[in-house]
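Tertiary structure, described
So the chains spell out like this:
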Amino acid sequence: MAFTKEDIIRIVREEDIKFVRMQFADIFGQLKNVALTASQVEKAVSNEIMFDGSSVEGFVRIDESDQCLYPDLDTFVTFPWRAQFGKTARLICDVHNTDGSPFMGDPRNVLKRMLEKMRAMGYDTFNVGPECEFFLFKTDEQGNPTTETNDEAGYFDLGPLDHGETTRREICLNLEEMGFEIEASHHENAAGQHEIDFKYADALTAADNIMTFKLAVKLLAQKNGLHATFMPKPIYGVAGSGMHTNMSLFKDGKNVFYDPSDRRGLSKEAYSFIAGILAHVKGISAITNPLVNSYKRLVPGYEAPCYLAWSASNRSALIRIPAARGQSTRVELRSPDPACNPYLAFAVCLAAGLDGIERGLTPPEEITENIFAMDEAARAAHGIENLPDSLSSAIKELQKDQLLMDALGDHVSSYYIQGKRREWYEYKTRVSSWEREKYIINY
């Protein structure tokens, strides 16, 4: 919905909204906000709210700390859940420097820059449909999360096995009140694991929606005495949580990935987009799979992709082409997980796909066999490479990929890599429970 400044000021007064949250994301995808009382709404919609950027991960140094929040007026919405002190609304913001220029370290700005490049190439819209999975865990007496689930359900099971169904239903109804179109919600493979799919949107809106979705899931789970986590692999030996990402390009209102004359119904641009993703996906993994824990999910045996291949149907492939054609033709990248920063993830995927189109790349032959059932020799015979097996490896691949580094920009790429190196070093030097259990008695 399109809003003017006057609309927002009027709605805040008429609906007796007490607080307005000015939201934005840091480079690691953590949602931040400046909460304002309703009396400040005129300043808020006039780009007059400033904050200390030096306190935000990956933003600026302390000697250049002042930054401004420019709200995207179309993102104005009232939260349907009742806060203790009255109604709360939110605006998603772009971060700008004090001279009015866009801040190069703002993840939303990174995606906007890539969308400008797409439009310069003659395309109108980059549509993205995410499939977000998450776990619901019990909390202990102090309210801290455990890894105990309150159900024993499996894929598509119903209550009474699925005790998370009530919370999932509440999440769906609240999101619909906020304007989401919920397409499906169901229990996933593992106990306590859930998926809610909302309708695709243009990439910027889709990224905004993911940030809102994660906030809603966590708040409503907490309200029901549960802890929701988007950690990719919280429990050893069961399926992890992914965020399969469906992508399509449009020009003059038509899906350019569709070609009825092709035996698979795919256009030359679709094939080149696939080839571009495959050419850059090792570096992309550092963004789409951003945690040490992400690489515990990307292992054989749990349907998560580990190998560089594509297929029109095969779910063991990294890239799958869902069956729908016409305006619904799309490329599904199955490796991303919901811990990623969606603005950066969509930006690097688009950069890679457009590079494939610009260079007229063609993908290797599709793999129709179950890749997980192949041995190393069989994969080598097909020319199938592996995704990075650790965050450290993925960061090295990102650093080698100049196209992705340019897409992120100097500021984001340097701070992101620096932060992830710290994370890897901390993990590498920490003594784990596995090590103690394995070695402390025998050695």
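Look up: the structure comes first, before these words.
Everything numeric here is computed off the predicted structure, so don't read it as measured data. (Residues numbered from 1 in each chain as written. Predicted model: local features only at pLDDT ≥ 70, side-chain atom pairs only at ≥ 80, totals over all residues. Heavy atoms only, no water.)

Moving on: the overall build of the protein. Counting its secondary structure elements, the protein contains twelve helices and 16 strands. With respect to the principal axes defined by its C-alpha atoms, the protein has extents near 65 × 60 × 45 Å. For the protein, the proportion of its 443 residues judged to be buried stands at 54%. By sequence separation, contacts in the protein at least 24 residues apart represent 70% of the contacts at least 6 residues apart. On the protein, roughly 20,100 Å² of surface is accessible, and the fraction owed to carbon and sulfur atoms is 49%. Computed over 48 positive and 64 negative side-chain charges, the separation of the two mean positions in the protein equals 2 Å. (Helix = DSSP H or I, 4+ residues; strand = E, 2+ residues; numbered from the N terminus. Buried < 20%, exposed > 50% of the residue type's maximum accessible area, 1.4 Å probe, protein only. Contact = heavy atoms within 4.5 Å. Areas by Shrake-Rupley, 256 points an atom, 1.4 Å probe, with all protein chains shown as cover. Lys, Arg positive; Asp, Glu negative; His and termini not counted. Charge placed at Lys NZ, Arg CZ, Asp CG, Glu CD.)

Across its 13 residues, helix H4 (residues 165–177) extends 18 Å between first and last C-alpha, which sits within 8% of the 18 Å expected from 1.5 Å per residue. On its buried side, H4 packs onto strand E7 (125–138), strand E8 (182–187), strand E9 (193–198), helix H5 (203–223) and strand E11 (226–229). (Expected span 1.5 Å × (residues − 1).)

Once that is clear, we can look at the pattern of salt bridges. In the structure shown here, the tally under the stated rule is 19 salt bridges. Lys-117 is paired through a salt bridge with Glu-358; the nearest N and O atoms lie 3.3 Å apart. Of this pair, Lys-117 sits in helix H3 (residues 107–120) while Glu-358 sits in helix H8 (residues 342–358), and the two are 241 residues apart along the sequence. Judged by relative accessible area, which is 48%, Glu-358 ranks as partly exposed. Across the pair Glu-426 and Arg-430 runs a salt bridge whose closest N-O atoms are separated by 3.0 Å. The class of Arg-430 is exposed, set by a relative accessible area of 53%. In this structure, a network of salt bridges that share partners links the residues Asp-72, Asp-94, Arg-108, Lys-112 and Asp-208. (Salt bridge = Lys/Arg side-chain N within 4 Å of Asp/Glu carboxyl O.)

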